[in-house]
Amino acid sequence: MRAFLAVADELHFTRAAARLYLAQQALSRDVRRLERELGAQLFVRSTRSVSLTPEGELLVPLARRLLDAQDALRAAFATPGPFLVDVNSPGLLGERVVAHARTLAVPGCELVVRYESGLTHAAAEIHAGRVDASFGRFAGLPPALATGLDHQPVAYERMGIVLPAGHPLAALPEVPLAALAGEEVYAGAGNARTAEWTALAEELFAPYGIALAPPAPLVVGEAEFARVMAEKGRPVLSVTGLPALAGSVLRPLVEPVPLSPVSLVWRAGRRHPGLDALREAAHALAGAESWLIRPPFAWLPTKDALIMMSPAQEAL
């Protein structure tokens, strides 16, 4: 019924699928199933338009009353607890999605933020029930971790390089990847929590002769990061949205423009008003700010490009 009403409102299967966060094929399948169960054709479809049949027009008010009753029943007995979201690091887009979701969530639904490191670790926490959702590179998860999880593409973040202020490349407004040839760049090597990020870096660096810096102790906090940067003097792979840090500069990477794909990730089948608000917020921000539009000369692994394709992206 929800699938039917979405198509009835939009009169467009692609837009209706984006609204419901479904693949268009799944939406069409659900509508056909409803037509079979009712023994009536609900829509007239052509290559250019979709319109309601008389039977479809008859069903619209009945479907709305049915779903309103279901929503009222669910709300009357729902007592959702806090919804815990791992946003990885302060200042990244996960924080913005949560902030917007808090304006959309139903009264009494609390969204709680935790700052940890990496989707690989967060995915295991989601499976264990210790975290409800997180953000990161879904294509980089091992199959055993990805199984049983669902995701919604949120953004392509531009990647950058954090350089010590005195580094020769720090004077450039943008850093070509070829200019890092021969450098050792830290990308979380040895940190099992961020394995998906390290794997992305390896694929990016390989054609340019850039080496992964050896494992280093896990750094927490801006002051400790600044100290390690000063001592080691190594560049650090990052995203351009990272807040400024003392003693270092952040420069976008170019030639090509590497992208870090970000999805909202949760346990498949999970139902919670906090998740609904997060998904709605992510969809709204992605559309308003073109988060899912790839810039010219972008670099992205093929498997990431495939997994980030969604009805939500088609609708932008």
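Residues numbered from 1 in each chain as written. Predicted model: local features only at pLDDT ≥ 70, side-chain atom pairs only at ≥ 80, totals over all residues. Heavy atoms only, no water.

Asks: Sorry if this is basic, but what is going on with helix α6 (residues 119-128) here?
Replies: Structurally, the α-helix is built with 3.6 residues per turn, so residues lying three or four positions apart point the same way. Most of α6 is tucked away, with seven of its ten residues classed as buried. Every buried residue belonging to α6 is among L119, T120, H121, A122, A123, E125 and I126, and all of these are buried. Taken from the residues just after α6, G129 is the one with a positive phi, measuring 80°. (Buried < 20%, exposed > 50% of the residue type's maximum accessible area, 1.4 Å probe, protein only. Helix = DSSP H or I, 4+ residues; strand = E, 2+ residues; numbered from the N terminus.)

Asks: Teacher, can you tell me more about the pattern of salt bridges here?
Replies: Oppositely charged side chains can form a pair if their charged atoms are brought close together. Following the criterion strictly, the structure yields twelve salt bridges and no others. With a shortest N-O distance of 3.3 Å, E35 and R45 are connected by a salt bridge. Of this pair, E35 sits in helix α3 (residues 24-38) while R45 sits in strand β1 (residues 43-45), placing them ten residues apart in sequence. Using a relative accessible area of 12% as the deciding quantity, one classes E35 as buried. Residue R137 pairs with D304 through a salt bridge whose shortest N-O separation is 2.8 Å. (Salt bridge = Lys/Arg side-chain N within 4 Å of Asp/Glu carboxyl O.)

Asks: Explanation requested: the packing of helix α2 (residues 13-20) against α3 in the structure shown.
Replies: A pair of packed helices can be characterised by two numbers: the angle between their axes and the separation between those axes. The N-to-C vectors of α2 and α3 enclose an angle of 100°; their axes lie 9 Å apart at closest approach. Relative to α3, the element α2 is oriented roughly perpendicular. Taken together, the residues of α3 that come into contact with α2 (itself represented by F13, T14, A16, A17 and L20) are Q24, L27, S28 and V31. Its residues assigned to classes, the contact of α2 with α3 shows six nonpolar, three polar and no charged. (Axes fitted to C-alpha atoms, helices over the stretch in contact; angles between N-to-C directions. Parallel < 35°, antiparallel > 145°, perpendicular 65-115°, else oblique. Contact = heavy atoms within 4.5 Å. Nonpolar A, V, L, I, M, F, W, Y, C, P; charged D, E, K, R; others polar.)

Asks: Would you mind going over the environment of A281 with me for this structure?
Replies: Following the sequence through the fold, A281 ends up in helix α10 (residues 273-289). On the basis of relative accessibility, which here comes to 0%, the residue A281 falls in the buried class. When near neighbours in sequence (up to four residues on either side) are disregarded, A281 contacts V97, H100, A101 and L104.

Asks: I tried to follow the nonpolar core on my own but got confused; where do I start?
Replies: Across soluble globular proteins, nonpolar side chains show a tendency to be buried alongside one another. One finds V85, V97, F135, V154, L264, L278 and W291 to be the most contacted residues of the largest nonpolar core, which totals 32 residues. Of all the secondary-structure elements, those providing two or more residues to this core are β3 (83-86), α5 (93-104), β5 (133-136), β6 (149-164), β12 (257-267) and α10. Take this core: its biggest share by element is seven residues, from α10. In this view, W291 contacts L93, R96, V97, V154, A155, Y156, L285 and A286; residues no more than four positions away in its chain are not counted. Counting 21 residues, the second largest nonpolar core, distinct from the first, contains L92, I161, V175 and L204. (Core = buried A, V, L, I, M, F, W, Y, C linked by side-chain atoms within 4.5 Å.)

Asks: Sorry, what's going on with the side chain of H167 here?
Replies: Looking at the secondary structure, you find H167 in the loop between β6 and β7 (175-176). At 3.0 Å, the side chain of H167 forms a polar contact with the backbone nitrogen of L169. The residues contacting H167, other than those within four sequence positions of it, are E183 and P235. (Polar contact = N/O pair within 3.5 Å; in protein donor to acceptor, adjacent residues only side chain to side chain.)

Asks: Quick question: what am I supposed to make of the packing of aromatic side chains here?
Replies: By convention here, two paired aromatic rings are described through the distance between centres and the angle between planes. Applying the stated criterion across every chain, the model contains two aromatic pairs. Arranged with centres 5.5 Å apart and planes meeting at 45°, the rings of F4 and F43 form a pair that is tilted. You can see F4 sitting in helix α1 (residues 2-10) and its partner F43 sitting in strand β1, a full 39 residues away along the chain. The buried category is assigned to F4, whose relative accessible area is 1%. With a centroid separation of 6.1 Å and an interplanar angle of 70°, the aromatic rings of F13 and F43 are classed as edge-to-face. One end of the pair, F13, is in helix α2; the other, F43, is in strand β1, with 30 residues separating them in the sequence. Owing to a relative accessible area of 9%, F13 belongs among the buried residues under this scheme. Assessed through its relative accessible area of 0%, F43 is described here as buried. Among the aromatic residues, those joined into a cluster by ring pairs are F4, F13 and F43. (Phe/Tyr/Trp six-rings, centres within 6.5 Å; stacked < 30°, edge-to-face > 60°.)

It is worth stressing that arrangement in space is one thing and function is another; only the former is reported here.
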